[in-house]
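Coordinate inspection notes
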Amino acid sequence: MVSGRADAAASGLALIADPTRARMLSLILARPDGRATVTELAAELGLRQPTVSHHAKALHDEGVLVRTPEGRRAWYSVAPDQAERVGDLLGAPASAADPTTDAAVLERIASDLADRFAGVFGPETVARYVRESHELLAERSGITRRLPSLTAQFAAERLSALATAEPQQPRADGGRSVPEVLFVCVQNAGRSQMAAAILRHLAGDRVHVRTAGSAPADALRPAVVSALDEIGVPVGGEFPKPLTDEVVRAADVVVTMGCGDACPIYPGRRYLDWELDDPLGLPLERVRDIRDRIEAHVRDLLASLDIA
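Below is a summary of the structure that appears in this document. Given the structure is predicted, the values throughout are model-derived calculations rather than measurements. (Residues numbered from 1 in each chain as written. Predicted model: local features only at pLDDT ≥ 70, side-chain atom pairs only at ≥ 80, totals over all residues. Heavy atoms only, no water.)

**Some thoughts on the overall build of the protein chain**
When its secondary structure is counted, the protein chain shows 12 helices and 7 strands. For the protein chain, the proportion of its 308 residues judged to be buried stands at 45%. Expressed as a percentage of contacts within the protein chain between residues at least 6 apart in sequence, the contacts between residues at least 24 apart total 67%. (Helix = DSSP H or I, 4+ residues; strand = E, 2+ residues; numbered from the N terminus. Buried < 20%, exposed > 50% of the residue type's maximum accessible area, 1.4 Å probe, protein only. Contact = heavy atoms within 4.5 Å.)

Here it is in structure tokens:
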């Protein structure tokens, strides 16, 4: 009997782990009434309705989704007995936040990062970056889901950039072994994320890549994730991040895409501006075109970098 339950749980996990189905469930859970039609999901995902219907049926047959007909429309919602499991698997936010707990969590993050950056930055500097990173993500990006873990990731990236940007560190044209590339767009949810994902995929650890946005969104665009998935390029644990000074100072190459003069200019850096349409709200076909143009730019950039 236990084996049967384990098999069922594993089957449900594999079903939800599908990227398209996971995004469908995330969109449904994010809605105020907790339900959506296939038509609405297809529009938000940039997919054809038959494709979304196929995934919805699979989730319904497994008991993850409930189908409620209303006239000619059918609404899909997460089954009540599956809500907690689905929320855990998708990393859904808690219903309420305890300020005392938040303070304790930030203190723990700061302590862990202070150990990680021992000998580079003092505990006070680390704690300040953790607090600032938490505020930037919560206020400028509007992120609520996985905010503590994203705060730790964002603060660590900023501290790493700050260490790289120190004056004693040579620039790429002065012999730094791994060049630093920063991609910046407006929301850091589309163009810059596609460029970064493709460069990481092509270059591996030969290039260090960062991204940022002048007005970051709260999540990556589903159509962007789908377009990258189609060519086998993962986005990993990336998320929209605000543009901060230290990531610009750490970069050897700064690539901007539609963010105007939001990016500060520092001497010794190479600046590029790629004219690309914003994929926000565009159908998947248009997003694919933007992806392919970005890939061509990235390949040219990679060929121009002085790497082994």
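**Overview of the pattern of salt bridges**
The tally for this structure, following the rule as stated, stands at 16 salt bridges. Measuring nitrogen to oxygen at the nearest pair gives 3.2 Å for the salt bridge that ties E230 to R291. Taken together, the positions of E230 in helix α10 (residues 222-230) and R291 in helix α12 (residues 284-304) put the pair 61 residues apart, joining distant regions of the chain. Shared partners join several salt bridges into a network, and the residues in it are R128, E132, R158 and E246. (Salt bridge = Lys/Arg side-chain N within 4 Å of Asp/Glu carboxyl O.)

**Some remarks on the pairing of strand β2 (residues 65-70)**
Pairing analysis gives 6 bridges linking β2 to strand β3 (residues 73-78), with the strands arranged antiparallel. Each bridged residue has a counterpart across the sheet, and for R67 the counterpart in β3 is Y76. Between β2 and β3, which pair antiparallel and follow one another directly, the connecting turn spans 2 residues, one of which, G71, has a positive phi of 65 degrees. (Pairing = 2+ DSSP bridges.)

**Remarks on the sheet that holds β3**
Pairing is antiparallel in the open sheet, where 3 strands are placed in the order β1-β3-β2. Across the chains shown, the open sheet's two edge strands, defined by having one partner strand only, are β1 (35-36) and β2. Of the strands in this sheet, β2 and β3 are in contact with helix α4 (residues 49-61), which crosses β2 at around 115 degrees. (Axes fitted to C-alpha atoms, helices over the stretch in contact; angles between N-to-C directions.)

**Points about the packing of aromatic side chains**
Tallied over the full model, the rule gives 2 aromatic pairs. Ring geometry for F117 and F121: centres 6.1 Å apart, planes at 45 degrees, overall tilted. In this structure F121 comes out as buried when scored by relative accessible area, which is 13%. Measuring from ring centre to ring centre gives 5.8 Å for F183 and W274, while their planes differ by 50 degrees; the resulting arrangement is tilted. With F183 in strand β4 (residues 180-185) and W274 in the loop between β7 (270-273) and α12, this residue pair connects regions lying 91 residues apart in the sequence. Across the pair, exposure class does not vary: F183 and W274 are buried alike. One cation-aromatic arrangement involves R35 over W75; the distance from NZ or CZ to the ring centre is 4.0 Å. If you follow K241 out to its NZ or CZ, it ends over the ring of F239, 4.8 Å from the centre. (Phe/Tyr/Trp six-rings, centres within 6.5 Å; stacked < 30°, edge-to-face > 60°. Lys NZ or Arg CZ within 6 Å of the ring centre and 35° of its normal.)

**Considering helix α7 (residues 123-140)**
Over its 18 residues, α7 runs 25 Å from end to end, which matches the ideal 26 Å to within 8%, given 1.5 Å per residue. Where α7 is concerned, the buried positions are V126, A127, Y129, V130, S133, H134, L136 and L137. (Expected span 1.5 Å × (residues − 1).)

**Looking at unusual backbone geometry**
Look at N188: it is not a glycine, yet its phi comes out positive at around 55 degrees. Within the secondary structure, N188 is located in the loop between β4 and α9 (191-203). Taking the relative accessible area as the measure of exposure, N188 reaches 0% and is therefore buried.

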